[in-house]
Amino acid sequence: MTLRLKSNHVHHITLLYLLALFFSISIRSSTEFDFIPGVTTQLGCIEHERRALLQIKAAFTDPAGHLSSWTGQDCCTNWAGVICSNKTGNVEKLDLGSYYSDTPATVLTGDLSSSITDLKYLTHLNLARINFQNKTIPNFIGSMERLTYLDMSCSLFGGVIPHQFGNLRNLIELRLDYDNCAAAYHISSELSWLSGLSSLQHLEIRYVNLSLASEQWPLSVGILANLKSLEIAGCELAYLPQHILPFVNLTSLTYLDLSYNKFNSPIPTWLSNASSLEIISISHSGLLGRIPSLAFKNMCSLQIIDLSNNLLEGGLAELIDTLVDCSNSSIRLLYLPNNTLHDYIPDSLGRLRSLLLVNLSSNKLFGSIPASIGNLAKLHVFVLMGNLMNGTIPESLWQMEGLADLMICDNQWQGVIRDVHLSGLVSLNILCLSSSSKSLVFETSEDWSPPFNLIALNISDCQLGPSFPAWIATQTNLKYLCLKNTALSGTVPHSIWKLSVQLTSFDLSENKLEGKLPSMLMLRGRDGDMNLENNLFNGTLPRLSNITQLSLKNNKLTGVMSTDLLSQLPHLEVLDLSGNMLYGNITRKWDAMEHLEYVDFSRNNLSVN
């Protein structure tokens, strides 16, 4: 069992930066409003609209009483989700979709009453997360031509989106987000009706089956001249045209997300026509071949590039050089992990001075980190894990005071890292360093006090030992500690065992550590991973707590294995005690272990009770 800084940790870190950047860039000037109770007007409620609202209410089952305020004569005062015009008294905004709950029994359920069409001046309609019980989307929504905003995300409709939606010529924002809801793929659509939405600026379609759109979707979308943000993700699209189509106008587009589709084709060069793009994300979509530099030419407003989890083979250096050609380049996030990029990092990277995050992990990058990396004073996250990078780490990297996360493990680094190097990284939160060539040596003085307090430390496959560096015990914020295969020997200091109780992941495997284990091995929370395999620990098996994955294989543990071992770890998933000298009976209490996936007691002196 190998415990390491897992990809989901990196993804979580990157996601936080993506979200922070996304909202700070302010590219989506959405017409959506946050739910507010009805606004008092001097005009009061128009009677026929009040009756229409009551008919809408009557069509729903409302176990949580979300619409319980819909009583009395004045629907414009304190009726939840109803907003009226201060000038005319007409209902202009109806928000029925703010009542999301993880408990299905508390959401609105039922039908959408056709009486909603009596709200002739309605401009904003939110039906998100209402349980319409797989009923067909009603055609009459298409007759509500004053609508400028429509949200039907996770509304649990079924069937095909009706072509009458094409009548909503005043619609500015349309949201059909079916991600993370029970009815994904219950609705489908071809997209010819989009051509009628001449005012549309923001289109979000996620996890709606658009396989019916076939090869027509680029034309249906491309004629929307006012479109600023386009998000069609997880929609079964299999066609990505390689040449620009006639009548396609992308000049207003600032946000493009085509992730989680099935293109299996190269990146088209016509993307360069979207010269106003600020964010482009085409991840998990089977993009092939080299990254064509021409596709990103003239994109001088670009701030985020996410081409992660594809099959791209090269073109990284050309992409970076193309971005540098913009004298005012504002690129802040370069995110291309999990491809097969066989390339090098050019020196020109150091000219992209707005960069906050670079993640090029899990590729086939070679060569060294360019010394120009030190020019990126704003860089917070630098991730190169799982490549073929080699050489010495440049001095300029160690002087990056703003760097918070440095993850360059699983490469072939060489040289000596001293405390004087690490002392320059005053903002560091995460450090991951290793070398598959085992040519990396750490030398730190006993009295060195780091300027940082890490939350995650992974130093592996290099020369750290033989003794534990004293500075590690000073990292009181640690949640993750991996010192695998680092030539550590002797006994583990008490300060490290004391530190382990605050960790959620702890790995000292493949060293020459010896001595007895503490009387209790315990991690923080209940989902901890601990790996102490391939050492020389002796003595009896300690009591265990808050561990889901544990490996103690290939040590020198002796004594009787406790009969209540399993009851100590009710959430156990993996247990490996093989290759020790334990004896006694193996309990048969496996039936209660609902999470258990793997167990190995071989090469001991155990018998089945």
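Sequence order as written defines the numbering, with residues in each chain counted from 1. Only residues with pLDDT of at least 70 get local features here, since the model is predicted, and only at 80 or more are side-chain atom pairs given and counted; chain-wide, interface and lining totals rely on the full set of residues. Side-chain metrics in this entry use all non-hydrogen atoms of the structure; hydrogen atoms and water are not considered.

**Observations regarding empty space enclosed by the protein**
Here a cavity is any set of points on a 1 Å grid over the protein atoms alone where a 1.4 Å probe fits but cannot get out, and a pocket is any open set with protein on both sides within 12 Å along at least 5 of 7 lines; a residue lines the site when it has an atom within 4 Å of a point. Grid points are joined across faces, edges and corners, and a volume is the space filled by probe spheres set on the points. Under the definition given, this model contains three cavities of 30 Å³ or more. Here the largest cavity is characterised by a volume of approximately 150 Å³. W217, P218, V248, L250 and W270 are the residues nearest the centre of the largest cavity, which is lined by 17 residues in total. Residue composition of the lining of the largest cavity, by class: 15 nonpolar, two polar and no charged. For this classification, Asp, Glu, Lys and Arg are treated as charged, while Ala, Val, Leu, Ile, Met, Phe, Trp, Tyr, Cys and Pro are nonpolar and the rest, including Gly, are polar.

**Section: helix α4 (residues 316-324)**
Categorising residues by exposure relies on relative accessible area from a 1.4 Å probe, with only protein chains included: less than 20% of the type maximum marks a residue as buried, more than 50% marks it as exposed, and the intermediate range marks it as partly exposed. Secondary structure is summarised from DSSP: a helix means a run of H or I of at least four residues, a strand means a run of E of at least two, and numbering begins at the N terminus for each. The buried fraction of α4 is high, at seven of nine residues. Residues of α4 that are buried include every one of L316, A317, L319, I320, T322, L323 and V324, and no others. Buried positions along α4 lie against β15 (304-306), β16 (311-314) and β17 (333-335). Whether two residues touch is decided by their heavy atoms; if any such pair falls within 4.5 Å, the residues are in contact.

**A look at a nonpolar patch on the surface**
Patch building starts from residues that exceed 30% relative accessible area and form no salt bridge, then joins like charges within 9 Å and nonpolar side chains (Val, Leu, Ile, Met, Phe, Trp, Tyr) within 5 Å. Accessible areas in this description were obtained via Shrake-Rupley with a 1.4 Å probe; residue shielding takes into account the shown protein chains only. Salt bridge criterion: a side-chain nitrogen from Lys or Arg within 4 Å of a carboxyl oxygen from Asp or Glu. A surface patch of nonpolar side chains, about 260 Å² in accessible area, is lined by Y344, F366 and L388. Its location among the elements puts L388 in strand β21 (residues 388-392). Its relative accessible area of 38% is what places L388 among the partly exposed residues.

**A short note on the environment of T251**
Along the chain, T251 falls in the loop between β11 (229-233) and β12 (255-257). Exposure remark for T251: the relative accessible area of 45% places this residue in the partly exposed category. Taking the C-alpha atoms as reference, T251 lies 6.1 Å from S275; in sequence the two are 24 residues apart. Setting aside its immediate chain neighbours within four residues, T251 contacts N273 and S276.

**As for the state of the cysteines**
Criterion for a disulfide: a pair of cysteine sulfur atoms within 2.5 Å. The final tally for this structure, using the stated rule, is four disulfides. Each sulfur in the disulfide pair C300 and C326 lies 2.1 Å from the other. The sign of the -80° torsion about the S-S bond sets the C300-C326 disulfide as left-handed. In this pair, C300 is assigned in the loop between β14 (288-290) and β15 and C326 in the loop between α4 and β17, connecting sequence segments 26 residues apart. Free of any disulfide, C462 has its nearest neighbouring cysteine sulfur in C482, separated by 9.9 Å. With a relative accessible area of 5%, C462 lands in the buried category. The thiol of C482 is not disulfide-bonded; the next cysteine sulfur, from C432, is found 7.8 Å away.

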